[in-house]
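What the coordinates show
Below, each chain spelled out in residue letters.
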Amino acid sequence: MSAVSITGLLSAPPVATRGTRAVGGLVVAAALACLAVTWLVGLRQGLLFLVGIGYGAVLAGVSFGFTTGWRVWIRERDPTGLLAQFLAIALAMVVSIPLIASHAELSGAVAPVAVSVVIGAFVFGLAMQIADGCGSGTLYKAGLGNGFSLAVLPGFIFGSFYGAAHLDRWLALGALPPIALQDHLGTAGAILLQLAVLGALAAWLWRRRRTTQTRWRGKAVYLGAVLLAVFAVLNLVIAGQPWGIVYGLGLWGAKIAAALGMDLASNAFWGRAAQQAHIHASVLTDVTSITNFGLLAGAMIAATGRGNACPPPEAQRASQWIAAIVAGVALGYSSRLAFGCNVGAYFSGISTGSLHGWIWFAAAFAGSLVGVRLRAHLGLKG
Amino acid sequence: MSPPRGRGDEDAHSLGGAARSAKGGRKVRVLAFAAAFWALVLGLLALDWAHSVPHNRFNEPLPWQLGHEKGDSAGHCAAPLK
């Protein structure tokens, strides 16, 4: 063995050691960021940053993909992802609905049952299959340097901003007031009904399964579901409202628009006093933004730990890059019409008893049936 | 003693090297994308903090909402009319 190769062996640390050092460095950076947020903005925001780190670590650590979970069912009839999602929703629900019912200071993700929800959720379900990510997935994969998600994210931000800005016009198409099932059926009634529906859906998926091995192996994804439910309840207890993603993205767009000189004071949504206050305050004071930042950090730590912090770019052709940008705008705009994405409407809506969450799920799944075919047509991998 | 390497082995070897090189290049590009993303995020956060209404950290809400009086409304994607 030559002297050069011996030197090389001695100087190059093993991959595991390099990975451990990288994870250690990221954990220290995240801890410093948490301290900085707590010092600058307050303990509540610091705690929510930690909750966000938990979300990101779970999502990236066990590859808990909302979008992929639906796609592998549609293509392969593998119910694993959907079953894990139902488990997370059910566990969050059995704690969240009683908490909200007994504490007026806590709010659910309860939105109007509107025509815009059906249209918005359908478009969102379609676009998320093209983009290969919902709100959380796009955000954390962009943070990992995924070129495709980086192309999706700016459109997502500005689409979300414009969707909120136009929301009043879409609501004029027709909307019932927000319906919380616990207000009509009681706490126990709402929980039992939703558990029965989730259980029936899970049983149907299980009977129709062809495989359970396309993406997730072992019980890690179910452990991830339990942890997501725990973090969702912590989010509710600390912030007073459930987990959300896209409001924060729209707010970032509104702040950029305001900085560029756009007058938002007369806008039906962004002109409201509460929204104007958010636009003029730091994003670090916004509860949705701070969990988004935490999610980014947590996903980076977990992906580095797993050794997959460098996801390959998914687009090779110009048409695929254009599709990424268009899908980003569609995701952002439609998620505001639908009062949330997979997180704000589907996960948080259903787990806090909102009827709109179920309508969102049905319409978005129908959109995904189309989106999966479009994805194949565009030649996108995965 | 290892068997003599033929032309096919050399081709395969050079193809493997090209694949490793492409993979390495892709990894560098992805790391550059991630670094640019995080630099942009941190830069925008600093800019936003500098240009926002100053935050009074001595007038904070309590660390958690449960059990405390409801404060100012926070934004949520499912709450359009706040």
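Nothing here was measured: the structure is a model prediction, and the numbers come from that model. (Residues numbered from 1 in each chain as written. Chains lettered and ligands numbered in written order. Predicted model: local features only at pLDDT ≥ 70, side-chain atom pairs only at ≥ 80, totals over all residues. Heavy atoms only, no water.)

1. Remarks on the overall build of chain B
- Looking only at helices and strands, chain B features one helix and zero strands.
- Buried positions account for 20% of the 82 residues belonging to chain B.
- Within the structure as shown, chain B displays about 6100 Å² of accessible surface, and the carbon and sulfur contribution to it stands at 64%. (Helix = DSSP H or I, 4+ residues; strand = E, 2+ residues; numbered from the N terminus. Buried < 20%, exposed > 50% of the residue type's maximum accessible area, 1.4 Å probe, protein only. Areas by Shrake-Rupley, 256 points an atom, 1.4 Å probe, with all protein chains shown as cover.)

2. Some points on the overall build of chain A
- What chain A contains, in helices and strands, is 17 helices and two strands.
- Structurally, chain A occupies a C-alpha span of about 80 × 55 × 45 Å along its principal axes.
- Buried residues in chain A amount to 58% of all 382 residues.
- Of the roughly 14200 Å² of accessible surface on chain A, a fraction of 70% belongs to carbon and sulfur atoms.

3. Focus: the packing of aromatic side chains
Residues and elements named next belong to chain A.
- Considering all chains together, one arrives at 24 aromatic pairs over all chains under this definition.
- Grouping aromatic residues by their ring pairs yields a cluster made of F64, F66, W70, F86, F124, F156, Y346, W360, F361 and F365.
- Its guanidinium or amino end placed over the ring of W73, R77 lies 5.0 Å from that ring's centre, counting from NZ or CZ.
- Across the ring face of W206, the terminal group of R209 is positioned such that the distance to the ring centre comes to 4.0 Å. (Phe/Tyr/Trp six-rings, centres within 6.5 Å; stacked < 30°, edge-to-face > 60°. Lys NZ or Arg CZ within 6 Å of the ring centre and 35° of its normal.)

4. Looking at the interface of chain B and chain A
- At the junction of the two partners, chain B supplies 36 residues and chain A supplies 64 residues.
- Roughly 4000 Å² of surface becomes buried between chain B and chain A when both sides are summed, with 66% attributable to carbon and sulfur atoms.
- Three residues, L66(B), H76(B) and C77(B), lead the burial of chain B against chain A; their summed loss comes to 16% of the area buried on that side.
- At the junction of chain B with chain A, the criterion picks out one salt bridge.
- One salt bridge in this structure joins K255(A) and D48(B), with 2.9 Å as the shortest N-O distance.
- Taken together, the connections running from chain B to chain A amount to 19 residue pairs in polar contact (both at pLDDT 80 or more).
- Of the residues belonging to the side of chain B that touches chain A, the class tally is 20 nonpolar, eight polar and eight charged. (Contact = heavy atoms within 4.5 Å. Buried area = accessible area lost by both parts, 1.4 Å probe. Salt bridge = Lys/Arg side-chain N within 4 Å of Asp/Glu carboxyl O. Polar contact = N/O pair within 3.5 Å; in protein donor to acceptor, adjacent residues only side chain to side chain. Nonpolar A, V, L, I, M, F, W, Y, C, P; charged D, E, K, R; others polar.)

5. Concerning unusual backbone geometry
- Of note, S63(A) is a non-glycine position whose phi angle comes to about 50 degrees, a positive value.
- In this structure, S63(A) sits in the loop between α3 (43-61) and α4 (66-76).

6. Looking at the pattern of salt bridges
Residue and element names in this part refer to chain A.
- This model, assessed by the stated rule, comprises five salt bridges over all chains.
- Between R75 and E76 there is a salt bridge, with the nearest N and O atoms lying 3.8 Å from each other.
- With a relative accessible area of 38%, R75 lands in the partly exposed category.
- R375 is paired through a salt bridge with D132; the nearest N and O atoms lie 3.9 Å apart.

7. Topic: the side chain of T138(A)
All names here are of chain A.
- Inspection of the secondary structure puts T138 in helix α7 (residues 135-143).
- Using a relative accessible area of 0% as the deciding quantity, one classes T138 as buried.
- A polar contact is formed between the side chain of T138 and the backbone oxygen of C134, at a distance of 2.8 Å.
- Among residues more than four places away in sequence, those in contact with T138 are G133, S149, V152, L153, F156 and L331.

8. Considerations on the nonpolar core
Residue and element names in this part refer to chain A.
- Counting residues in each nonpolar core, the largest one holds 115 residues, and the members touching the most others are W270, F293 and Y346.
- Looking at which element gives the most residues to this core, the answer is helix α14 (residues 287-306), with 11 residues.
- Apart from the residues lying within four places of it in its own chain, the contact partners of Y346 are F66, W70, L82, Q85, F86, I89, C341, G357, W360 and F361. (Core = buried A, V, L, I, M, F, W, Y, C linked by side-chain atoms within 4.5 Å.)

9. Here's the deal with the confidence of the model for chain B
Residue and element names in this part refer to chain B.
- Within chain B, residue pLDDT values average 78, and 74% of them lie at 70 or more.
- Considering only residues more than four positions removed or in separate chains, one finds that residues 1-8, a stretch of pLDDT under 50, has three contacts.
- Overall fold confidence for the complex sits at a pTM of 0.90, while the interface term, ipTM, reaches 0.88. (pLDDT = per-residue confidence, 0-100.)

10. As for the packing of α7(A) against α14(A)
All names here are of chain A.
- Two elements in contact, α7 and α14, have axes whose closest approach is 9 Å; the angle formed by their N-to-C orientations is 55 degrees. On the basis of the axis angle, α7 is oblique to α14. For the pair α7 and α14, the sense of crossing is right-handed. Along the contact surface, α7 presents S136, L139, Y140 and G143, while α14 presents N292, L295, L296, A299 and M300.
- Classifying every residue of the contact of α7 with α14 gives six nonpolar, three polar and no charged. (Axes fitted to C-alpha atoms, helices over the stretch in contact; angles between N-to-C directions. Parallel < 35°, antiparallel > 145°, perpendicular 65-115°, else oblique. Left-handed = near helix turned anticlockwise from the far one by under 90°.)

11. A short note on the side chain of Q276(A)
- Here Q276(A) shows up in helix α13 (residues 273-280).
- Not counting residues up to four positions away in its chain, the partners in contact with Q276(A) are L264(A), A265(A), W270(A) and G271(A).

12. With respect to the state of the cysteines
- One pass over the structure, following the stated rule, counts zero disulfides over all chains.
- This cysteine, C134(A), is not joined by any disulfide, and C341(A) carries the nearest cysteine sulfur, 5.8 Å off. (Disulfide = S-S within 2.5 Å.)

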